[in-house]
There are 2 protein chains.
Amino acid sequence: MSVGGVGEFGLIDRVTARLTYGSGCLLGPGDDGAVVAAPDARVVASTDVLVEGRHFRRDWSGARDVGHRAAAANLADIAAMGATPTALLVALCMPTDLETAWAEELADGLAAEAAKVGASVVGGDMSASPTLTIAVTALGDLGGRAPVVRSGARPGDVVAVAGRSGWAAAGLTVLSRGFRTPRLLVEAYRRPEVPYAAGPHAARLGATAMIDISDGLLADLGHVAKASGVGLDVHRDAFEVPRQMRDAAQALGVDPYSWILAGGDDHALAATFPRSVALPDEWRPVGRVVEGAGVTVDGEKYDGRGWDHFR
Amino acid sequence: MSVGGVGEFGLIDRVTARLTYGSGCLLGPGDDGAVVAAPDARVVASTDVLVEGRHFRRDWSGARDVGHRAAAANLADIAAMGATPTALLVALCMPTDLETAWAEELADGLAAEAAKVGASVVGGDMSASPTLTIAVTALGDLGGRAPVVRSGARPGDVVAVAGRSGWAAAGLTVLSRGFRTPRLLVEAYRRPEVPYAAGPHAARLGATAMIDISDGLLADLGHVAKASGVGLDVHRDAFEVPRQMRDAAQALGVDPYSWILAGGDDHALAATFPRSVALPDEWRPVGRVVEGAGVTVDGEKYDGRGWDHFR
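All values reported here derive from a predicted model rather than from experimental measurement.

Contacts between chain A and chain B engage 69 residues on the former and 69 residues on the latter. Here chain A and chain B share an interface that buries about 5000 Å² over both sides, 59% of which is from carbon and sulfur atoms. Joining chain A to chain B, the criterion identifies four salt bridges. Arg150(A) is the salt-bridge partner of Asp32(B), the closest N and O atoms lying 3.2 Å from each other. Between the two partners, chain A and chain B, sit 20 residue pairs in polar contact (both at pLDDT 80 or more). Of the residues that constitute the side of chain A that touches chain B, the class distribution is 37 nonpolar, 17 polar and 15 charged. Inspection of the sheet shows strand E3 (residues 42-51) of chain A paired to strand E2 (residues 34-37) of chain B by four bridges, in the antiparallel sense. Pairing of Arg42(A) across the sheet is with Ala37(B), part of E2(B).

In structure tokens form, the structure reads like this:
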């Protein structure tokens, strides 16, 4: 059955029947708006859109995978503010000949990823469109803490990363060369493992700046450097190249550091901390905040680059 | 200059430079997430998506008009819950050859419509896409009141409407027949006049159910009837046909009541109230809640229908 055949309201019924709701969802889908708990009396909100052919391909990722990744991209933004995600809203634009199963499995993936952090899909909208498009808005709660913004990095701070770097980019390269293995890398692209809890942890530890790594480590650190009016120097040796990544890089003729330093889509978190902070294991020191501007690798410019969604 | 030429970050800079922020915006665009005041400790959230060729046409509406309408559709959903809108987030997908001026004027329209209720555009995302698509999420605050849901209508309640009915549908018919006048109707389609304040007013008056009329009065009242397990009977004579609508209907060979009863896009509000409530002028009684199911017009079935976004 196609989404055109079942119609807007039929599809909404099918999808919402598969959803479950966390305690923060005070009123779920089915009305003009959802109602979500905001105990902090402030709400963190972020929107990310995925467009077929640009952010995902149906022959590279299943519907559930796309759901996981669409949710992860947004939930990571909430975590990067130091907040705990509470809810997702999803605008889904679909060709009318899309199988309803695809939309249903997408919803399963979105809901499963949200459930990892106790959040739920509380609402959304659907429309026909020639271009399969998924726009997700995530909400989150700061739990009484100040948001950790990009502009607070100060010279002398330590730069640290929580989560994987380069795995998703490696997986994407593998897929784009027509391969399906190594599975570990391909799965890292399909369903990023985001260290959600590390965001609020960093806020409690006194992080001075934080960002979600979606466009590539150096590109995203560049946003922190610009917003903070500082330079950031990253130590290449702080990143271990896992065996499977090294093997894949050799087989594909790629420098694995181009994945680690410039690849996006892992949705790791990067933050800066005062030197006095004792970092827990989840936050690996990878560099230092310095006077100046821009991002360097071991003191030198790096020619890799991140991702511009118009180029 | 095209959006492809100026690039993602260049366009974000251009657009955000045009925005202003209300007092509810605690942290605006430029970080991983925005922070919005939620004084009620609950947040109302709603998402609506507009797809070119399905929800708007660039030859029928200017970019500013589309911005006004995209914002209005979402802000009306918040009002229909009895809440006051606080913020919008906007995911904008654009062909790379779109002029940057179009995106900038769209943002102007979104911001101007939001400003009418003291809300602001606090964040969003942009991507290239073959299909021009605007997904908007609106947030709002309940001010300590219970949300007014669709399921509370009780037999004996009065059905009332705030705002215009049929004007936008008339304007759309005018445009679809290749005309540009009467201007009053065309403008009603391009920039709906939503009675935002009537939403929270209705909540304070004790409305038992409420909905935003986006798919057509009878279709949307049908959602209330279904959710509440009641019937709704609408009195046709409660709707006056304005002179310009009557003239246009005659010229185009259309029954003006098909616009009033089945036309969408005005984003008027419909609500049900206990009979004991003294309705202010902004809420016009148009019918009665009855035992049974479905929506009737003067006791009879009406063959007009609302809008399904897949048909």
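Picking up after the structure, the text goes on.
Next up on the list: unusual backbone geometry. Residues and elements named next belong to chain A. Note that the residue after Thr181, namely Pro182, is joined by a cis bond; omega there is 5°. For Pro182, the location among the structural elements is in the loop between helix H4 (167-176) and helix H5 (183-190). Here the phi dihedral of Asp265 falls at roughly 80°; this positive angle occurs in a residue that is not glycine. The topology assignment puts Asp265 in the loop between helix H9 (256-262) and strand E10 (268-273). Notably, Asp298 is not glycine yet its phi reads approximately 50°, a positive angle. Examined against the element boundaries, Asp298 turns out to sit in the segment after strand E12 (294-297).

As summarised here, the arrangement of the six strands in space is E1(A)-E2(A)-E3(B)-E6(B)-E4(B)-E5(B), forming an open sheet in which the pairing is mixed. Among the strands making up the open sheet, the edge pair consists of strand E1 (25-27) of chain A together with strand E5 (120-128) of chain B. Across the sheet, the axes of successive neighbouring strands diverge by a mean angle of 25°, strand direction being ignored. Direction of pairing for strand E3 (residues 42-51) of chain B relative to strand E6 (residues 133-141) of chain B: antiparallel, over a ladder of eight bridges. Its bridge partner being in E6(B), Val44(B) is matched across the sheet by Gly140(B).

The subject of this paragraph is the domain arrangement of chain A. Residues and elements named next belong to chain A. Here the domain parsing of chain A yields domain 1 (3-141) and domain 2 (150-297). At the interface, 22 residues of domain 1 touch 19 residues of domain 2. Where domain 1 abuts domain 2, roughly 1700 Å² becomes buried across the two surfaces, and 58% of that area is made up of carbon and sulfur atoms. It is Trp60, Arg69 and Ala80 that lose the most area in domain 1 upon contact with domain 2, and together they represent 37% of the buried surface on that side. Counting every contact that joins domain 1 to domain 2 gives two salt bridges. Residues Arg69 and Asp265 are paired through a salt bridge, measuring 3.5 Å at the closest nitrogen-oxygen approach. Linking domain 1 with domain 2 are seven residue pairs in polar contact (both at pLDDT 80 or more), by the criterion used here. Looking at the side of domain 1 that touches domain 2 element by element, the count peaks at ten residues for helix H2 (residues 63-79). Residues that form the side of domain 1 that touches domain 2 fall into these classes: eleven nonpolar, five polar and six charged.

Turning to the UniProt feature "domain: PurM-like N-terminal" (unreviewed entry) in chain A, a few remarks are in order. Following the UniProt record, one finds the feature "domain: PurM-like N-terminal" (unreviewed entry) at residues 30-140 of chain A. What you have in residues 30-140 of chain A is 30% helix and 38% strand, and the ends, taken at the C-alpha atoms, are 21 Å apart.

Further remarks concern the relation of the copies chain A and chain B. The transformation that overlays chain A on chain B combines an axial shift of 0.0 Å with a rotation of 180°, and the residual RMSD is 0.0 Å. Both copies are brought into coincidence by an operation consistent with a two-fold rotation axis. Taking C-alpha positions as reference, the residue of chain A nearest the rotation axis is Ala41(A), located at 2.3 Å.

Our next topic: helix H7 (residues 217-228) of chain A. All names here are of chain A. In this model H7 runs 16 Å from its N-terminal to its C-terminal C-alpha over twelve residues, within 8% of the 16 Å that 1.5 Å per residue would give. Buried positions along H7 lie against strand E7 (158-162), strand E8 (209-213), strand E9 (231-234), H9, E10 and E12. Two residues or fewer after H7 comes Gly229, characterised by a positive phi angle close to 65°.

On to the packing of aromatic side chains, then. Residue and element names in this part refer to chain A. In the structure shown here, the tally under the stated rule is four aromatic pairs over all chains. A centroid spacing of 6.3 Å and a plane angle of 25° characterise the contact between Phe56 and Trp102, whose relative ring orientation is stacked. Remark: Trp102 occurs in helix H3 (residues 100-115) and Phe56 occurs in the loop between E3 and H2; sequence separation between them is 46 residues. For the pair Phe56 and Trp102, one class covers both residues: buried. The ring of Tyr257 has Arg236 lying over it, and the distance from NZ or CZ to the ring centre is 3.8 Å.

The subject of this paragraph is empty space enclosed by the protein. Any empty space left between atoms is shown by rolling a water-sized probe over those atoms. Taken as a whole and judged by the stated rule, the model has one cavity of 30 Å³ or more. In this structure, the largest cavity occupies an estimated 30 Å³ of space. Thr47(A), Leu89(A), Ala135(A), Val136(A), Thr137(A), Thr47(B), Leu89(B), Ala91(B), Ala135(B), Val136(B) and Thr137(B) are the residues that line the largest cavity. Within the lining of the largest cavity, the residues separate by chemical class into seven nonpolar, four polar and no charged.

Here the focus is the pairing of strand E9 (residues 231-234) of chain B. Sheet faces and side chains relate simply in a regular strand, where the side chains alternate between the two faces. Residue and element names in this part refer to chain B. Going residue by residue along E9, you find Gly231 and Asp233 tucked away on one face and Leu232 and Val234 tucked away on the opposite face as well. When E9 meets strand E12 (residues 294-297), the two strands line up parallel, connected through four bridges. In the sheet register, Asp233 faces E12, and the bridge partner there is Thr296.

To continue, consider the UniProt feature "domain: PurM-like C-terminal" (unreviewed entry) in chain A. The UniProt entry lists residues 154-245 of chain A under the feature "domain: PurM-like C-terminal" (unreviewed entry), expressed in the numbering used here. Secondary structure content for residues 154-245 of chain A is 45% helix and 15% strand, while the C-alpha to C-alpha distance between its ends is 33 Å.

Here we come to the pattern of salt bridges. All names here are of chain B. Throughout the structure, instances matching the rule amount to 32 salt bridges over all chains. Salt-bridge contacts for Asp108 lead to Arg64; the nearest nitrogen and oxygen are separated by 3.3 Å. You can see Asp108 sitting in helix H3 (residues 100-115) and its partner Arg64 sitting in helix H2 (residues 63-80), a full 44 residues away along the chain. Its relative accessible area of 17% is what places Asp108 among the buried residues.

Residue and element names in this part refer to chain A. Direction vectors running N to C along H2 and H3 enclose 40°, while the axes themselves pass 7 Å from each other. One finds that H2 runs oblique with respect to H3. In the crossing of H2 with H3, the sense of the turn from one axis to the other is right-handed. From H2, Ala63, Arg64, Val66, Gly67, His68, Ala70, Ala71, Ala72 and Leu75 reach across to H3, where they touch Trp102, Glu105, Leu106, Asp108, Gly109, Leu110, Ala112, Glu113 and Ala114. In terms of residue class, the contact of H2 with H3 is built from eleven nonpolar, three polar and four charged.

Rules behind the numbers
Residues numbered from 1 in each chain as written. Chains lettered and ligands numbered in written order. Predicted model: local features only at pLDDT ≥ 70, side-chain atom pairs only at ≥ 80, totals over all residues. Heavy atoms only, no water. Contact = heavy atoms within 4.5 Å. Buried area = accessible area lost by both parts, 1.4 Å probe. Salt bridge = Lys/Arg side-chain N within 4 Å of Asp/Glu carboxyl O. Polar contact = N/O pair within 3.5 Å; in protein donor to acceptor, adjacent residues only side chain to side chain. Nonpolar A, V, L, I, M, F, W, Y, C, P; charged D, E, K, R; others polar. Pairing = 2+ DSSP bridges. Helix = DSSP H or I, 4+ residues; strand = E, 2+ residues; numbered from the N terminus. Axes fitted to C-alpha atoms, helices over the stretch in contact; angles between N-to-C directions. Domains from an automatic or database assignment. UniProt positions renumbered as here; feature names shortened; annotations may be inferred. Least-squares fit on C-alpha atoms with pLDDT ≥ 70 in both. Expected span 1.5 Å × (residues − 1). Phe/Tyr/Trp six-rings, centres within 6.5 Å; stacked < 30°, edge-to-face > 60°. Buried < 20%, exposed > 50% of the residue type's maximum accessible area, 1.4 Å probe, protein only. Lys NZ or Arg CZ within 6 Å of the ring centre and 35° of its normal. 1 Å grid on protein atoms, 1.4 Å probe; cavity = no way out; pocket = protein on both sides within 12 Å on 5 of 7 lines; lining within 4 Å. Points joined across faces, edges and corners; volume = space filled by probe spheres on them. Parallel < 35°, antiparallel > 145°, perpendicular 65-115°, else oblique. Left-handed = near helix turned anticlockwise from the far one by under 90°.

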